[in-house]
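Residues per chain, in single letters:
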Amino acid sequence: MLSIKEAYELFDEVGCCSFATLDGAGGVDSRIAHFFAYDDEGLYLRTMTGKPFYRQMVEGGKLSVCGEHTKAPCTWDDDDMPHFQPGYMVRVSGDVRVLSPEETQQHIADDPRFAVADYDIKKYPETVVLVLHRAWGELYKYDFNMVHMDHKVLRERFAWGGAEFVEPGFRITDDCIECGACASACTHKAIVPGSPYSIRGSWCDECGNCHDVCPSGAIVEKRRP
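This one's a predicted model, so the numbers in the text were calculated from it and none came from an experiment. Position numbers for residues start from 1 in each chain and track the written sequence from start to end. Only residues with pLDDT of at least 70 are given local features in this predicted model, and only at 80 or more are side-chain atom pairs given and counted; all residues enter the totals for whole chains, interfaces and linings. For side-chain calculations, the full set of non-hydrogen atoms in the structure is used, while hydrogens and water are omitted.

1. Considerations on the overall build of the protein
Line of reasoning, step 1. Secondary structure elements are taken from DSSP: a helix is a run of H or I of four residues or more, a strand is a run of E of two residues or more, and numbering for both begins at the N terminus. For the protein, the helix and strand inventory stands at six helices and 14 strands.
Line of reasoning, step 2. Relative accessibility decides the category of a residue: with a 1.4 Å probe and only protein chains considered, values under 20% of the type maximum give buried, values over 50% give exposed, and everything between is partly exposed. In the protein, which comprises 225 residues, the share counted as buried stands at 41%.
Line of reasoning, step 3. When checking whether two residues touch, look at their non-hydrogen atoms; a contact exists if any pair is within 4.5 Å. When contacts within the protein are restricted to residue pairs at least 6 apart in sequence, those whose partners lie at least 24 apart make up 65%.
Line of reasoning, step 4. Accessible surface is estimated by sampling points in the Shrake-Rupley manner with a 1.4 Å probe; for residues, cover comes only from the protein chains shown. If you sum the accessible surface of the protein, you get close to 12,400 Å²; carbon and sulfur atoms cover 51% of it.

2. Side note on the pattern of salt bridges
Line of reasoning, step 1. Any Lys or Arg side-chain nitrogen found within 4 Å of a carboxyl oxygen on Asp or Glu counts as a salt bridge. On inspection of all chains with the given rule, the structure shows 13 salt bridges.
Line of reasoning, step 2. Between arginine 155 and glutamate 138 there is a salt bridge whose closest N-O contact spans 2.9 Å. One end of the pair, arginine 155, is in strand S10 (residues 153-160); the other, glutamate 138, is in strand S9 (residues 127-142), and 17 residues separate them in sequence.
Line of reasoning, step 3. According to the relative accessible area criterion, arginine 155 is buried, its value standing at 8%.
Line of reasoning, step 4. Between glutamate 138 and arginine 157 there is a salt bridge, and its shortest N-O distance comes to 3.0 Å. Taken together, the residues glutamate 138 in strand S9 and arginine 157 in strand S10 connect sequence positions 19 residues apart. For the residue pair glutamate 138 and arginine 157, the accessibility class agrees, reading buried in each case.
Line of reasoning, step 5. Each of Arg91, Glu138, Arg155, Arg157 and Glu206 takes part in one network of salt bridges that share partners.

3. Some thoughts on the packing of aromatic side chains
By convention here, two paired aromatic rings are described through the distance between centres and the angle between planes.
Line of reasoning, step 1. Pairing of aromatic side chains here covers Phe, Tyr and the six-membered ring of Trp, requires ring centres within 6.5 Å, and sorts the geometry by plane angle: under 30 degrees stacked, over 60 edge-to-face, intermediate tilted. Inspection of every chain in the model, using the stated rule, returns 10 aromatic pairs.
Line of reasoning, step 2. Note on phenylalanine 19 and phenylalanine 53: the rings are 6.3 Å apart at their centroids and 85 degrees apart in plane angle, and the pair reads as edge-to-face. A residue pair is termed long-range when its members are at least 10 positions apart, and phenylalanine 19 in strand S1 (residues 17-22) and phenylalanine 53 in helix H2 (residues 52-60) qualify at 34 residues. No difference in accessibility class separates phenylalanine 19 from phenylalanine 53, as the two residues are buried.
Line of reasoning, step 3. The interplanar angle of 80 degrees and the centroid separation of 5.8 Å between the aromatic rings of phenylalanine 84 and phenylalanine 144 together place this pair among those described as edge-to-face. Separated by 60 residues along the polypeptide, phenylalanine 84 in the loop between strand S7 (82-83) and strand S8 (87-98) and phenylalanine 144 in the loop between S9 and S10 bring together distant segments of the chain.
Line of reasoning, step 4. Take phenylalanine 84: its relative accessible area is 36%, and that puts it in the partly exposed class.
Line of reasoning, step 5. A relative accessible area of 27% places phenylalanine 144 in the partly exposed class.
Line of reasoning, step 6. An aromatic cluster of three or more residues is present, and its members are Phe11, Phe19, Phe35 and Phe53.
Line of reasoning, step 7. The criterion is that NZ of a Lys, or CZ of an Arg, lies within 6 Å of the ring centre and within 35 degrees of the ring normal, and then a charge sits over that ring. Here the guanidinium or amino end of arginine 46 rests over the ring plane of phenylalanine 36, the centre of that ring lying 5.2 Å away.

4. What to know about a negative patch on the surface
Line of reasoning, step 1. Taken together, the side chains of Asp77, Asp78, Asp79 and Asp80 define an acidic patch exposed on the protein surface.
Line of reasoning, step 2. Looking at the element boundaries, aspartate 79 is found in the loop between strand S6 (75-76) and S7. Think of a patch as exposed residues, more than 30% relative accessible area, with no salt bridge, where like charges cluster within 9 Å and nonpolar side chains (Val, Leu, Ile, Met, Phe, Trp, Tyr) cluster within 5 Å. Note on charges: Lys and Arg go in the positive column, Asp and Glu in the negative column, and His and the chain ends are not counted at all. All charge positions are set by atom: Lys at NZ, Arg at CZ, Asp at CG, Glu at CD.

5. Here's the deal with the pairing of S8
Where a strand is regular, its side chains alternate between the two sheet faces.
Line of reasoning, step 1. The pairing criterion is simple: DSSP has to find at least two bridges between the two strands. Relative to S8, strand S5 (residues 62-70) runs antiparallel, the two sharing nine bridges. Paired with threonine 70 across the strands is glycine 87, a residue of S8.

6. Considering helix H3 (residues 101-110)
Every α-helix winds through 3.6 residues per turn, so residues three or four apart in the chain are directed the same way.
Line of reasoning, step 1. Inspection of H3 places Thr104, His107 and Ile108 among the buried residues, and these make up the whole buried set. Across the axial projection of H3, the buried residues extend over an arc of 100 degrees, all falling on one side. Every exposed residue of H3 that faces more than 90 degrees away from the buried side is listed here: Glu102, Ala109 and Asp110.
Line of reasoning, step 2. Tucked inside the fold, the buried residues of H3 contact strand S3 (37-39), strand S4 (42-48), helix H4 (115-123) and S9. Directions are taken from the helix axis to each C-beta atom, and the arc is the one they span.

Here is the structure:
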């Protein structure tokens with residue numbers, strides 16, 4: 001399972017990511033931002049108290065972040081179909097809290113990465129630091145044209161701070177009649193023949209092809225409790 005450090009490094013490689021919050025009126029809001037530090041408690045970000053971003057995180061207590069990294073842009077073939085270069089997407093969602101001034105100053109004293117927070121606080125006194133302290137996420141590596149992998153996706157989920165996650169992928173129940181229809185329909189090579197058949201969740205894109213063709217209704221999606 002990915003560590004907080006590894007998750008931070010993935011987001012840091014992306015750079016600016018989409019940060020989404022509850023808007024307080026039953027909807028969501030988003031903006032481009034970035035994490036600037038990490039430790040065993042979580043991932044750190046900063047904003048100013050006058051911004052809706054701050055108010056939404058304080059009132060809603062939730063934050064969801066995602067980003068994508070690829071070394072080359074999508075191209076189009078002669079049939080106007082997209083050709084995606086290998087890359088990855090990373091996302092994380094969970095609970096966020098504001099650090100007290102005392103906590104912030106202690107981090108500034110202990111962690112060189114907090115120098116940017118110290119600079120902002122001195123220049124913009126309403127700057128505050130927050131930490132995403134309880135969260136779950138996913139690293140989604142993709143190579144849809146199978147240039148470097150012999151399958152299309154590789155997914156890994158992770159969590160910290162007591163959060164839980166459901167492993168990716170559909171599931172095959174004991175109603176499986178072992179007909180092989182799912183294996184023929186799966187373009188991600190995620191189906192494993194057996195008694196019953198099974199799905200390698202880390203390779204499964206949850207596209208639904210197997211679910212669509214299963215004659216016995218044995219394939220079900222996984223849900224969070």
